Structure formats: C-alpha cells, structure tokens
Amino acid sequence: MDISKDKLLEMYRTMQKIRHFESKARDLAMAAELPGFVHVSIGEEASATGVCAALRKTDRITSNHRGHGHLIAKGGRLDRMMAEIFGKRTGYCKGKGGSMHIVDYSLGILGANGIVGAGLPIATGSALGAVIAGKDDVTVAFFGDGASNEGTFHESLNLAAVWKLPVVFVCENNGFGEFTPMATVTSVKDIAVRAKAYDIPGHIVDGNDVLEVFRYTSEAVARARAGEGPTLLECKTYRWEGHVVGEQAFLGDGSYREQSEVEEWKRKCPLIRFEKWCAESGKISSAELNKIIAETEKELADAVEFARSSELPAPSEVTDDVYA
Amino acid sequence: MPQISFIQAINQAIAEEMERDPLTFLMGEDVVLGAFGATKGLIDKFGAKRVRNTPISEAGFVGAAVGAAMAGTRPICEVEFASFFYCAFDQICNQAAKLRYMSGGQATMPITFRAVFGAMGGAAAQHSETVYAQFLSVPGLKLVVPSGASDMKGLLKSAIRDNNPVIVFEHGALGWSREDVPQGEHLVPLGKAAVKRPGDNVTVVAIGAMVGKAMSVADKLEQEKISVEVIDPRTLIPLDENAILASVEKTNRIVIADEGHLRGGAAADIAAIVADKGFDFLDAPVRRVTSLDVPIPFSPPLEKAAIADEARIEAAIRDVVGR
Ligand SMILES: Cc1ncc(C[n+]2csc(CCOP(=O)(O)OP(=O)(O)O)c2C)c(N)n1
C-alpha cells in the first residue's frame, strides 16, 4: 500500500499529540491539578493513530476509559480536551464528563466510556444506524483485552456478524485489565481468534507499528463499507504507565509486573519506530519530524493555558442537559 | 481499641469470616491486589482457590456467585464500583433475589455483594452514583450502608453470615476514615439502627456518608440550643422502622439525609413510611435532603452542587424546627 507523505506526516503528528497530551495529563494529575481518574495510553499511540488514519470524518468511533489517544486521533482538539479534564466550562462536555467521558459529535466521537465493554454495542448500533440511514459510514469500537471478556463483546460481535454491519472492532491488547494479567482471566492467548466463533475475520496486528495498523484497518474499513460486515482486529501493545495515574497510592508496594517488562516495551516505542522507518526509507527527514514536535509542543502549551484560564462552570449549570 | 480505616475494617471482616468458615470465599475483579486495597493480602492467607480474580464480566461472575451459593458455598463477590451492578442486574434481581422464593424455599443464597459507591471527587457519572435505591424495590435482597469503620466491620461480618443475598455499599469517600474498631467477634445485626446522637427537637435520619455530615450540623446547631437526634439506619433492608418512628414520636420532626437521588430514593421510601405510620407524631412536613436528580457531574463545583451537603441539611433542619 502506498501511503502519501501528507498522511505519514499526519500520523506522526497525531502520535506526538497523544504522547504530549497524555504526558502532561499524567503530570497534572500527579500534581493534583486534575480531579477524578486519569488513564493514559502512553506507549499505545500507534493503534489509535493507525486506526483513525483509515477513517474519514463522518465515520464514527466509540472509546473506553483510556480514550485520550482515540479522541485525538479522530481529530479531538487538545485545548477543549484539556479544558474538559480540568473540569472547565469550555471543555468538550462543559465539565460534566471529564477524562473518561469526552464526546465530540461533530467529529464522530461518540464517547469515551467509564464502563468497560459499553462501547461495543453502541458502535454496533451506530453502524446499524448508518445502514438504516443509507449512509456508508463505518464505526470503530476501541476496547481492551479485558473488555473482550464482557458479555457486550460477544453479543456485539454476534449481532454485527448476523446483520453484516459496517463496524470494526479494535481490541488494544496491552496484557492487563487493571492489575490483573490477561492470561489469568482470559481463555485464549490471542483475542483475534474469538472472531472465529462469530464467523468474521480476525487479525493479530503489531499494535506498535502505525503503518501495519493503518493497513489492516484500511482493509477492514473497505470491507465494512462494501457491506461485507465486521472485522475484529487485535493490536498487540503495552501501556508504559500504570492503569490509572496515582495507583501507587493504593497499591503500595503491591506490584503486578516486572520493571524489565516495561523497559523492554519502551524500547519498542511506536514513535521511535516510526522515526527509524522514516530515516531508513528516506521518505521523511528528521527536520520535518522535528518541526512537528515543535508545533505540537506549542499546541499543547496553548491548550494548557486555555484550560487553566477557562472558567469553572457555575453551580447553577448542574441541572442543564439532563433532558433534551 | 485500635483505630483502623474503613478499608482495613473490610479486610479484617473478610479475613475473620474466611477463617471461620472454609466454604466462604472471595471473588471479583482485582481482588488479589485489591483495587482499593480492601482485599489486599488475603490471597497470602487463604490461597488462590479461595481468593479469585475474575475476568471483567459482571453478569458472568455475579451469576457464578449465585450458582456457587446454590452449591452450598458462601461467596463474597466484589463488583468494584456499584454502578457496575447495572451490568449484572439480571443475575442480581431476577436470579439471586428471587430464587429462594420461586423455589418454594429450597434455594438459599448466602452471597455478600460489595461495591464502592458515592461521589468521591470527580469520578463522574458512571463511577459516582448512589445505587442502592435501584435495589429497594427488589424483594429478596438485603441492603447495607455503613457510615464508618466500626459498623463497616460489624455489618460486613453479619452480611457474610446471613443466608440471603446482601449488598454492602461502601462509600468511596469514607475509605481512609478511621475509627475505633473492636477486634475479633464484633457483629452488628442487620436491621438495627444506631442512635448516633440523642436529641429532642428534630430527628435526622442520615445514610452512609451523610451520617458524618449530619453529626457536624448537629454539633453546630447545639450551640443555638437546637437539639438534633441523628439516626443511622445502617441497613435499608431490613429497615429499623421502629427506631425511626420512636424518634419522631419524641422530636415530632424529621429530616432524611441521603446521597441518593430525590425521586424514588431511600429518602423517599423512609419519608413515605413516616407519613404512613407516624403522621400523628409530626408537627412539620417530612423533609428530604438528597442529591439533585442529575447524573453526578465531573467538574468539582458541579459535583458539589449536585450532592447533598451540610448546608442543605442545616437549612432543612431550620425549616422544620421553625414550624
Ligand atoms: C463494567 C466495568 N467493570 C469494571 C470496571 C473497572 N475497570 C476500569 S478499567 C478496567 C480494566 C480494563 O481493561 P482493558 O479492557 O484491558 O483495558 P485497558 O485498561 O487495559 O486499556 C476495569 C476492570 C469498569 N470501569 N467497568
């Protein structure tokens, strides 16, 4: 597959944005500047980016509790996302949602979600909606390996399969559900094999290789748009950080993974990997990449400034938006 | 008596009851490490057979607890955040709650469900809800809402020994709160309210984390010679109606403080009971102080505006006392 230079630059920019946004969110949460729970996906940038690079604006996604990356990849603005996680009125959800519930309808972002596995039926229904409305939009459901043990996973794959719905199920397998290693609670080594049970294609994808993710997703999206039904993609990846920022406070010395494992995955950093590919293939110069980094730094700094200087919602706004 | 935290009280209660009865076991998401630390270390004492991490599959493992109970064991089943009960509603409401009745008394269901609930600072709508009202209309369940570490331990031990499905709701904001807690055999019976503070002018029935708030309002009003009796029902099913009615008979006024919503909530239920059975005692309308009927918002000022607080309890007390 030939990928245009613009597309490659866009993917790199997206990965940098996610890395910058989440590193900052982590630091702000550690400094107690953010309320609530913050889950970051540092180390997993390639899957969000590669998947969304294969979508167009009218396509839709559902996301999970670790959703910043998905939302940024689908076009979410750093300033409004940052304002939301600060709980400000200028945030995407007027401060009502926070990190786990960011939504931007205009970008096809149907929402991050605090309930594990809840996004899959919603994505399935969104795909059904496209069919009913006679549109060829595709919906992607992002979820973790942990979520693939929820009933919603199985019910969604079955329904999407029998109705041949235009949905792509993207499992980001980072090996853990909270502090529980996947192998101790999941009957299969690869989530992708579960596709067999629903008679749909299932593929194992190197989730740290943005180009491979893009290729597989493009294929699945084309299939979905052509009315051939859903695909299950399993992106193998790893989260560098804890399940939730600040988890040390309640875990104490309780550890659930070896530091050496974390280090090993850090060496497989999706950004560095892409930079190397650029250098080796000669497609993009390091000057061009550096320019993107500088621009992202600026965009992030502006986003933080925007969030900090925005107003908190007024208490009277608490009853707005309960009903339409 | 040693001072321990709410979370340590949970840990002690489970450990003691598992020690007592080899058929008692613990299951749930991340119970091995303990997502909030409550079940930390239990695996070292009891081993992997009796302390089981489940997959993230609430309907599945809650239903498995029902089956394990029918097979004669006593599951303690943790569901992390109470809002996740929604994912397992059928297994709790149609199965666990009804099977004894439907089987003409053949099945027993000695299951203890535990979950964290309530607003705890920006956890937002899907992790902050006060969920027990949803179960009040499901006969066959018992509902426990401890307000501090000592009751937490005593009620949880009683729940584990109870032969019915009992849901224990643990307020997230109480996790690190500390109290003197008796060691060993400390049992608080289900269905017996605690008079947290005697008073003459008004009864405040406070539930869960509202107990602490009601107590501090009572302290404040005492300086103005308003004498507040604070009653903690401790369990919503069974409910100690007699304790509440006796108090209203004495004070002739009642305010009910609950973090749940106004409509169809625990406060509504208690208000109806008082109106029904204690009407002649009343010199003022029954007042409910609850959270607003909105999903609990993320942003701190909005969360504060949504949740029942001291100021609203105080205003309600002044209102009924002024009549
Ligand atoms: C229905 C439900 N059950 C449990 C939780 C608590 N919880 C939040 S994230 C998480 C782990 C999810 O693991 P996975 O789906 O693999 O995603 P990851 O965090 O690894 O990205 C759990 C158990 C929840 N939010 N919702």
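Here the structure is shown first, and the text comes after it.
Residues numbered from 1 in each chain as written. Chains lettered and ligands numbered in written order. Predicted model: local features only at pLDDT ≥ 70, side-chain atom pairs only at ≥ 80, totals over all residues. Heavy atoms only, no water.

### A look at the overall build of chain B
Here is step 1 of the chain: Regarding its fold elements, chain B presents 12 helices and 14 strands.
Here is step 2 of the chain: In terms of C-alpha radius of gyration, chain B reaches 19 Å, essentially the compact-globule figure of 20 Å for 323 residues.
Here is step 3 of the chain: A principal-axis box enclosing the C-alpha atoms of chain B has dimensions of 60 × 40 × 40 Å.
Here is step 4 of the chain: Classification of the 323 residues of chain B by burial places 60% in the buried group.
Here is step 5 of the chain: Contacts in chain B between residues far apart in sequence, at least 24 positions, make up 81% of those at least 6 positions apart.
Here is step 6 of the chain: Of the roughly 11800 Å² of accessible surface on chain B, a fraction of 53% belongs to carbon and sulfur atoms.
Here is step 7 of the chain: Across chain B, the mean location of the 32 positive side-chain charges is 2 Å away from that of the 39 negative side-chain charges. (Helix = DSSP H or I, 4+ residues; strand = E, 2+ residues; numbered from the N terminus. Rg over C-alpha atoms; globule rule 2.2 N^0.38 Å. Buried < 20%, exposed > 50% of the residue type's maximum accessible area, 1.4 Å probe, protein only. Contact = heavy atoms within 4.5 Å. Areas by Shrake-Rupley, 256 points an atom, 1.4 Å probe, with all protein chains shown as cover. Lys, Arg positive; Asp, Glu negative; His and termini not counted. Charge placed at Lys NZ, Arg CZ, Asp CG, Glu CD.)

### Some thoughts on the sheet that holds strand β6 (residues 142–144) of chain B
All names here are of chain B.
Here is step 1 of the chain: Pairing in this open sheet of seven strands is mixed, and the strands run β3-β2-β4-β5-β7-β6-β12 from one edge to the other. Here the strands that pair on one side only, and so sit at the sheet edges, are β3 (51–53) and β12 (235–237). Across this sheet, the average inter-strand angle for adjacent strands is 20°, counted without regard to direction.
Here is step 2 of the chain: Lying over the sheet, helix α3 (residues 58–70) contacts β2 (24–28), β4 (74–81) and β5 (112–117), oriented at roughly 165° with respect to β4. (Pairing = 2+ DSSP bridges. Axes fitted to C-alpha atoms, helices over the stretch in contact; angles between N-to-C directions.)

### Overview of the nonpolar core
Here is step 1 of the chain: Counting 72 residues, the largest nonpolar core has F21(A), I61(A), M82(A), V140(A), V168(A), V170(A) and F274(A) as the members making the most contacts within it.
Here is step 2 of the chain: Broken down by element, the residue count for this core peaks at 10 residues, all from helix α1 (residues 5–30) of chain A.
Here is step 3 of the chain: Filtering out sequence-adjacent residues up to four positions away, V168(A) remains in contact with V138(A), T139(A), V140(A), A141(A), A220(A), V221(A), T231(A) and L233(A).
Here is step 4 of the chain: Counting 56 residues, the second-largest nonpolar core is a separate cluster that includes I115(A), C77(B), A97(B) and F169(B). (Core = buried A, V, L, I, M, F, W, Y, C linked by side-chain atoms within 4.5 Å.)

### Some points on the interface of chain B and chain A
Here is step 1 of the chain: Each side of the interface is counted separately: chain B has 34 residues, and chain A has 41 residues.
Here is step 2 of the chain: Regarding the contact of chain B and chain A, the summed buried area is about 2900 Å², with carbon and sulfur atoms giving 67% of it.
Here is step 3 of the chain: Our count for the chain B to chain A interface comes out at zero salt bridges.
Here is step 4 of the chain: Among the elements of the structure, β4 and α11 (300–306) of chain B are those that each provide at least two residues to the side of chain B that touches chain A.
Here is step 5 of the chain: Take the side of chain B that touches chain A: its biggest share by element is five residues, from α11(B). (Buried area = accessible area lost by both parts, 1.4 Å probe. Salt bridge = Lys/Arg side-chain N within 4 Å of Asp/Glu carboxyl O.)

### Brief notes about the site of the ligand
Here is step 1 of the chain: Residues in contact with the ligand amount to 22 residues; listed here are only the nearest, H65(A), R66(A), G146(A), F176(A) and E58(B).
Here is step 2 of the chain: In this structure the ligand sits where residues from chains A and B come together.
Here is step 3 of the chain: Between the ligand and V116(A) there is a distance of 2.9 Å, counted from a nitrogen atom to a backbone nitrogen or oxygen.
Here is step 4 of the chain: Against a free-state accessible area of 580 Å², the protein chains account for coverage of 98% of the ligand. (Near = heavy atom within 4 Å. Polar contact = N/O pair within 3.5 Å; in protein donor to acceptor, adjacent residues only side chain to side chain.)

### Observations concerning the packing of aromatic side chains
Residues and elements named next belong to chain B.
Here is step 1 of the chain: Considering all chains together, one arrives at 19 aromatic pairs over all chains under this definition.
Here is step 2 of the chain: Note on F36 and F81: the rings are 5.2 Å apart at their centroids and 80° apart in plane angle, and the pair reads as edge-to-face. Here F36, found in the loop between β2 and α2 (42–50), pairs with F81, found in strand β4; they are 45 residues apart in sequence, far enough to count as distant.
Here is step 3 of the chain: Residue F81 is classed as buried on the basis of its relative accessible area of 7%.
Here is step 4 of the chain: Relative to F169, the ring of F117 has its centre 6.0 Å away and its plane inclined at 90°; by these criteria the two rings are edge-to-face. Here F117 is found in strand β5, whereas its partner F169 is found in strand β7 (residues 166–171), with 52 residues between them in sequence.
Here is step 5 of the chain: The exposure class assigned to F169 is buried, which follows from its relative accessible area of 0%. (Phe/Tyr/Trp six-rings, centres within 6.5 Å; stacked < 30°, edge-to-face > 60°.)

### Focus on the pairing of β4(B)
Residue and element names in this part refer to chain B.
Here is step 1 of the chain: Of all eight residues that make up β4, eight are buried, and the element is covered over most of its length.
Here is step 2 of the chain: One ladder, built from five bridges, connects β2 with β4; its direction is parallel. Across the sheet, residue G28 finds its bridge partner in β4, namely E78.
Here is step 3 of the chain: Two elements, β4 and β5, share four bridges in a ladder whose sense is parallel. Counted as the bridge partner of C77 is F113 from β5.

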